[in-house]
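Each chain, written out:
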Amino acid sequence: MSPRTTAKGIRGNTLWFWVFVGPFVIGLLIFSYLPILWSLVLSFFEARNTVTPTEFVGLRNYADMLTDHNFLSSLGTFSLFAVFIVPLTFVLSLALALLVNQVKIARAFFRSVFFLPTACSYVVASLIWKLSIFNGVRFGLANTVLDWFGIDQIAWLSTVDPPWFWIPIITVRLWLQLGFYMILFIAGLQRISPALYEAAYVDGAKPGWQVFRFITLPQLRATAVAVLILNLIAAYQAFDEFYNLLGNVNFARPPLVYLYGISLGTIQDLGHGSAGALILAAIIMIVTLLQNKIFGFGKAND
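The notes below deal with the structure included here. (Residues numbered from 1 in each chain as written. Predicted model: local features only at pLDDT ≥ 70, side-chain atom pairs only at ≥ 80, totals over all residues. Heavy atoms only, no water.)

If you tally the helices and strands in the protein, you get 13 helices and two strands. Taken against the 2.2 N^0.38 rule, which gives 19 Å for 302 residues, the C-alpha radius of gyration of the protein at 24 Å runs more than 25% over that of a compact globule. For the protein, the spread of C-alpha atoms along the principal axes amounts to about 80 × 70 × 35 Å. Going through the 302 residues of the protein one by one, you find that 36% of them count as buried. At a minimum sequence separation of 6, the contacts of the protein that also span at least 24 residues come to 67%. (Helix = DSSP H or I, 4+ residues; strand = E, 2+ residues; numbered from the N terminus. Rg over C-alpha atoms; globule rule 2.2 N^0.38 Å. Buried < 20%, exposed > 50% of the residue type's maximum accessible area, 1.4 Å probe, protein only. Contact = heavy atoms within 4.5 Å.)

Below you can see the structure in the form of structure tokens.
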């Protein structure tokens, strides 16, 4: 094959590459990177009821957000949410993956059953939880079950003391995302060589907890760290379930719900809203880098 023919083939492949990838790159630039860049610009300006910057204020918007009690409280709400949702998702998705991976018959069926909720809209699932399961009336599913045991009805979404509203929020998020992380763990489990288990049994290791602790879990380190990082980022971005179940309430309002109220609510202060969004993005980046440093994501398994 001549050099001219080779060069022509390379140019042809490059052309077809941009034909298929180009529209996605253009969409990414227009709908993701340009809004982020414009949000960065707005964060240094006074911008009320408009997306056009008016008066330059420097870092004042950032200082206001970092001293805003409501914004700091929303970060506290996220922290409490993450304390529950991250460990529960990790443990339950890993348990599901171990169970499904052990199934010999209809394994694909069970994978599909647990993964299907992932395709459901967060808005739709939140409304089902709010209107049918935890609606707080006598004929709601949760209160019907409580009535079978002689327990009084609970106003799930409006009772602050005790904070029963966390149960619908946590359960809807678990139902929606467990299947996705289960698939990640199954992929990690299928990459583990059976020879490791055979060698462990020859050396006298007992099936069950001992093999899981010393063989399975170390081999799943990369997958486990990826699940933790993705889960924590998703928790920081929680919006749909909080907004559709509770609305913009003070007692349970994550950062995105609060920033939505500032930027697109009655205030429409895009300067402070953009500053708060970038602060949140910086926190996510810092936490992700710390996790990467602590757990060694990307390193070869021992």
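Structure shown, so let's carry the discussion forward.
This part is about the packing of aromatic side chains. Throughout the structure, instances matching the rule amount to 19 aromatic pairs. Among the aromatic residues, those joined into a ring-pair cluster are Phe81, Phe165, Trp166, Phe242 and Phe251. (Phe/Tyr/Trp six-rings, centres within 6.5 Å; stacked < 30°, edge-to-face > 60°.)

Position of Trp175 among the secondary structure elements: in helix H7 (residues 166-190). Trp175 sits in the partly exposed class, given a relative accessible area of 38%. Spatially, the C-alpha atom of Trp175 lies 9.6 Å from that of Phe115, the residues being 60 residues apart in sequence. Non-local contacts of Trp175, meaning those with residues more than four positions away in its chain, are made with Pro117, Cys120, Ala125 and Trp129.

This brings us to unusual backbone geometry. Of note, the amide linkage connecting Asp161 to Pro162 takes the cis form, showing an omega dihedral of 0 degrees. Unusually for a residue other than glycine, Ala106 sits at a positive phi of about 60 degrees. Tracing the backbone through its elements, the reader meets Ala106 in the loop between helix H3 (69-102) and helix H4 (107-115). Owing to a relative accessible area of 39%, Ala106 belongs among the partly exposed residues under this scheme.

Let us now look at helix H10 (residues 221-236). The end-to-end C-alpha separation of H10 is 23 Å, in line with the 22 Å expected for 16 residues at 1.5 Å each. All of the buried residues along H10 are Thr223, Ala224, Val225, Val227, Leu228, Ile229, Asn231, Leu232, Ala235 and Tyr236. (Expected span 1.5 Å × (residues − 1).)

Attention shifts here to the side chain of Ser274. In this structure, Ser274 sits in helix H13 (residues 270-295). Side chain to side chain, Ser274 and Ser39 meet in a polar contact 3.4 Å long. (Polar contact = N/O pair within 3.5 Å; in protein donor to acceptor, adjacent residues only side chain to side chain.)

The interhelical angle for the contact between H3 and helix H12 (residues 255-264), taken along N-to-C directions, is 150 degrees, at an axis separation of 8 Å. When the interaxial angle is binned, H3 and H12 end up roughly antiparallel. Only Pro255, Tyr258 and Leu259 of H12 make contact with H3, whose side of the interface consists of Asn70, Phe71, Ser74, Leu75 and Phe78. Here the residues of the contact of H3 with H12 sort into six nonpolar, two polar and no charged. (Axes fitted to C-alpha atoms, helices over the stretch in contact; angles between N-to-C directions. Parallel < 35°, antiparallel > 145°, perpendicular 65-115°, else oblique. Nonpolar A, V, L, I, M, F, W, Y, C, P; charged D, E, K, R; others polar.)

For the rest of this paragraph, the subject is the packing of helix H5 (residues 122-133) against H7. In the contact formed by H5 and H7, the axes pass within 10 Å of each other and the chain directions differ by 135 degrees. Taken together, the axes of H5 and H7 are oblique relative to one another. Where H5 crosses over H7, the two elements pack in a sense that is right-handed. Together, Tyr122, Ala125, Ser126 and Trp129 of H5 and Pro168, Thr171, Val172, Arg173, Trp175, Leu176 and Gln177 of H7 make up the contact between the two elements. Taken together, the residues that form the contact of H5 with H7 break down as seven nonpolar, three polar and one charged. (Left-handed = near helix turned anticlockwise from the far one by under 90°.)

Attention now moves to the pattern of salt bridges. Per the stated rule, a full pass over the model turns up four salt bridges. In this structure, the salt-bridge partner of Glu46 is Arg48, at a minimum N-O distance of 2.7 Å. The partner of Arg60 in a salt bridge is Glu46, and the shortest N-O contact between them spans 2.7 Å. Placement of Arg60 in helix H2 (residues 60-66) and of Glu46 in strand E1 (residues 45-46) is noted, with a sequence separation of 14 residues between them. Assessed through its relative accessible area of 39%, Arg60 is described here as partly exposed. Residue classification places Glu46 among the buried residues on the basis of a relative accessible area of 15%. (Salt bridge = Lys/Arg side-chain N within 4 Å of Asp/Glu carboxyl O.)

Listed in full, the buried residues belonging to helix H6 (residues 141-148) are Ala142, Asn143 and Leu146. The buried residues of H6 all sit within an arc of 95 degrees when viewed along its axis, so they share a single face. Facing away from the buried side of H6, by more than 90 degrees, are the exposed residues Asp147 and Trp148. Against H5 lie the buried residues of H6. Looking one or two places after H6, you find Gly150, whose phi comes out positive at around 75 degrees. (Arc of directions from axis to C-beta.)

You can see Ser263 is positioned in helix H12. Setting aside its immediate chain neighbours within four residues, Ser263 contacts Gln268, Asp269, Leu270 and Gly273.

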